[in-house]
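# Descriptive structure summary
For reference, the chains in residue letters:
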Amino acid sequence: MEDGIRLASGARLEQFARAGSGDAYCFVGAGGEERPVVYVSLDGESGPLALGLPELVRLCLVAPWWRDAPGRTAEELQVVAEQYREDVPDLDRRRDHAARTLGLVPAGLPSEATALARLVELSRGSVAEACRVIGYEGDPLDPLFGPAPDRP
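What comes next is a walk through the structure. Just so it is clear, the structure is predicted and the values come from calculations on it, not from any experiment. (Residues numbered from 1 in each chain as written. Predicted model: local features only at pLDDT ≥ 70, side-chain atom pairs only at ≥ 80, totals over all residues. Heavy atoms only, no water.)

## Here's the deal with the pairing of strand β2 (residues 13-18)
Two strands pair when backbone bridges link them, and β2 and strand β3 (residues 24-28) are joined in this way by 5 bridges, in the antiparallel orientation. Opposite Ala17, over in β3, you have Tyr25 as the bridge partner. With antiparallel pairing between neighbouring strands as the criterion, β2 and β3 make up a hairpin whose turn holds 5 residues, including Gly22 at a positive phi of roughly 100 degrees. (Pairing = 2+ DSSP bridges. Helix = DSSP H or I, 4+ residues; strand = E, 2+ residues; numbered from the N terminus.)

What follows is the structure in structure tokens.
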């Protein structure tokens, strides 16, 4: 992980993947693939995405557009999902193929709404506190799935 980026708890932050944008996927603490997974963006946002690699994979399979979800209403999320499906019209076929390749049963995957609700759940309480990332200046990064902004 970049110098100056760390967990407020002092636990280990171990990067295991990088998005095309340069954002990082990191494990929290010691252990294996069952550890919490935190996303750290170059835009100064971070937050827990999953408890373990299998949960992260399921999220990415059912809602690959999750990065566009923070602060949006359910109606806005539906538009985001529809736009993604317009760009990737065979999304369901690709998702099901990837799931089977990974040994997952496509019918056993969570719904998009369930996966996004899980993101919101993880962004609050003890998991969020254990996964709070501190930036270069020692301030916490903005939460990925914090409270929705005030709407006019």
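This is not the end of the story, as more comes after the structure.
## Here we look at the sheet that holds strand β4 (residues 36-40)
Ordered by their spatial adjacency, 5 strands build an open sheet running β2-β3-β4-β5-β7, and the pairing between neighbours is mixed. Every other strand in the sheet has two partners, leaving β2 and β7 (142-143) as the edge strands with one partner each. The sheet strands contacting helix α1 (residues 53-62) are β2, β3, β4 and β5 (45-51), and the helix crosses β5 at an angle near 105 degrees. (Contact = heavy atoms within 4.5 Å. Axes fitted to C-alpha atoms, helices over the stretch in contact; angles between N-to-C directions.)

## Here we look at the side chain of Asp23
Locating Asp23 in the fold gives a position in the loop between β2 and β3. No salt bridge is formed by the buried Asp23; the nearest opposite charge belongs to Arg67, separated by 4.1 Å. Within the structure, the side chain of Asp23 is placed 3.2 Å from the side chain of Ser21, a separation counted as a polar contact. Non-local contacts of Asp23, meaning those with residues more than four positions away in its chain, are made with Ala17, Arg18, Tyr39, Val40, Ser41, Leu42 and Arg67. (Buried < 20%, exposed > 50% of the residue type's maximum accessible area, 1.4 Å probe, protein only. Lys, Arg positive; Asp, Glu negative; His and termini not counted. Salt bridge = Lys/Arg side-chain N within 4 Å of Asp/Glu carboxyl O. Polar contact = N/O pair within 3.5 Å; in protein donor to acceptor, adjacent residues only side chain to side chain.)

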